[in-house]
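Structure at a glance
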Amino acid sequence: MSAHDLIVGGQRSGKSRRAEALALRWQAGGGRVAVIATALAADDEMRARIAHHRAARPVGFETVEAPLALCAALQQADDAGTLVVVDCLTLWLTNWLMPMGTAPDAAGWATERAALLGLLPRLASPVVFVSNEVGWGVSPLGREVRGFVDELGRLNQDVARLCGQLTLMVAGQAWTRPVEDACDA
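Reference entry: report on the structure contained in this document.

The rules behind these values
- Residues numbered from 1 in each chain as written.
- Predicted model: local features only at pLDDT ≥ 70, side-chain atom pairs only at ≥ 80, totals over all residues.
- Heavy atoms only, no water.
- Helix = DSSP H or I, 4+ residues; strand = E, 2+ residues; numbered from the N terminus.
- Rg over C-alpha atoms; globule rule 2.2 N^0.38 Å.
- Contact = heavy atoms within 4.5 Å.
- Pairing = 2+ DSSP bridges.
- Axes fitted to C-alpha atoms, helices over the stretch in contact; angles between N-to-C directions.
- Core = buried A, V, L, I, M, F, W, Y, C linked by side-chain atoms within 4.5 Å.
- Buried < 20%, exposed > 50% of the residue type's maximum accessible area, 1.4 Å probe, protein only.
- Parallel < 35°, antiparallel > 145°, perpendicular 65-115°, else oblique.
- Left-handed = near helix turned anticlockwise from the far one by under 90°.

So, on to the overall build of the protein. Counting its secondary structure elements, the protein contains six helices and seven strands. For the protein, the α and β elements follow one another from N to C terminus as β-α-β-α-β-α-β-α-α-β-α-β-β. Expected size for 185 residues packed as a compact globule is a radius of gyration near 16 Å; at 16 Å, the protein falls within 12% of this value. Here the C-alpha coordinates of the protein stretch approximately 45 × 45 × 35 Å along the principal axes. Of the contacts formed within the protein by residues at least 6 apart in sequence, a portion of 77% connects residues at least 24 apart.

Another point: the sheet that holds strand β4 (residues 82–87). As summarised here, the arrangement of the seven strands in space is β3-β2-β4-β5-β1-β6-β7, forming an open sheet in which the pairing is mixed. The open sheet terminates on both sides in strands that have one partner only, identified here as β3 (61–65) and β7 (173–178). Across the sheet, the mean angle separating the axes of adjacent strands is 20 degrees when strand polarity is ignored. As paired strands, strand β6 (residues 165–170) and β7 are joined by six bridges and run antiparallel to one another. Its bridge partner lying in β7, T167 is registered against T176. Seen against the sheet, helix α6 (residues 143–161) touches β1 (4–9) and β5 (127–132) and runs at an angle of roughly 155 degrees to β5.

So, on to the environment of R57. Inspection of the secondary structure puts R57 in the loop between α2 (44–56) and β3. Between the C-alpha atoms of R57 and L116, which are 59 residues apart in sequence, the distance is 25 Å. Once residues within four sequence positions are removed from consideration, R57 is found in contact with E20, V35 and T63.

Judged by nonpolar contacts, the single largest core of 31 residues is most densely connected at L74, V86, L89, L116, F129 and V159. Listing elements by their share of this core, those giving two or more residues are β1, β2 (32–37), α3 (70–77), β4, α4 (89–97), α5 (106–119), β5 and α6. Filtering out sequence-adjacent residues up to four positions away, F129 remains in contact with D5, L6, I7, V86, L89, L116, L120, V159 and C163.

Regarding α4, the residues found buried are L89, T90, W92, L93, N95 and W96. Where α4 is buried, its residues contact β1, α3, β4, α5, β5 and α6.

Here we come to the side chain of N95. Mapped onto the elements of the fold, N95 is located in helix α4. With a relative accessible area of 11%, N95 lands in the buried category.

A few words on the packing of α4 against α6. Interhelical geometry of α4 versus α6 gives an angle of 135 degrees and a closest axis separation of 11 Å. As far as their axial angle goes, α6 and α4 are oblique. For the crossing formed where α4 meets α6, the hand is right-handed. Listed contacts from α6 to L89, T90, W92, L93, T94 and L97 of α4 are F148, E151, L152, L155, N156 and V159.

Structure follows, in structure tokens:
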């Protein structure tokens, strides 16, 4: 397994299931697995989704909930014998830039984003990131949503550059390749 992996795809494409499969392989080899969950239970439907993920998570996976403080959670879990699954970058960004009932924290986001990009090369733990690929459709009409889609695209690109491999999930099928320098692609 490469140092870090990024798994992207649409909603219900199999991203989390793929990350879980990689984590189960790691665990079968004697390693520890920590899942950093970024979702916030802001409504009944999201509470049900979170409950389903918790119930379906394999035995022995440690779970840390970090809707905003991803870097602190990564540092806490960091250990060469621990595979960390971050599920997911999309919800983490949402919590910063499109929070329910409060104003976006663009300055806090910029700080945390820069901290993540600075931290990744220093981690002993391999990390599997899950994120959505949302920019393949019609450009959203609202300025805030367009800004969110753009920011997620930039985040995915920057995280991918720090990963050894990238997996695109489509209809439950994985297309995996090594990450190349953007100038070589």
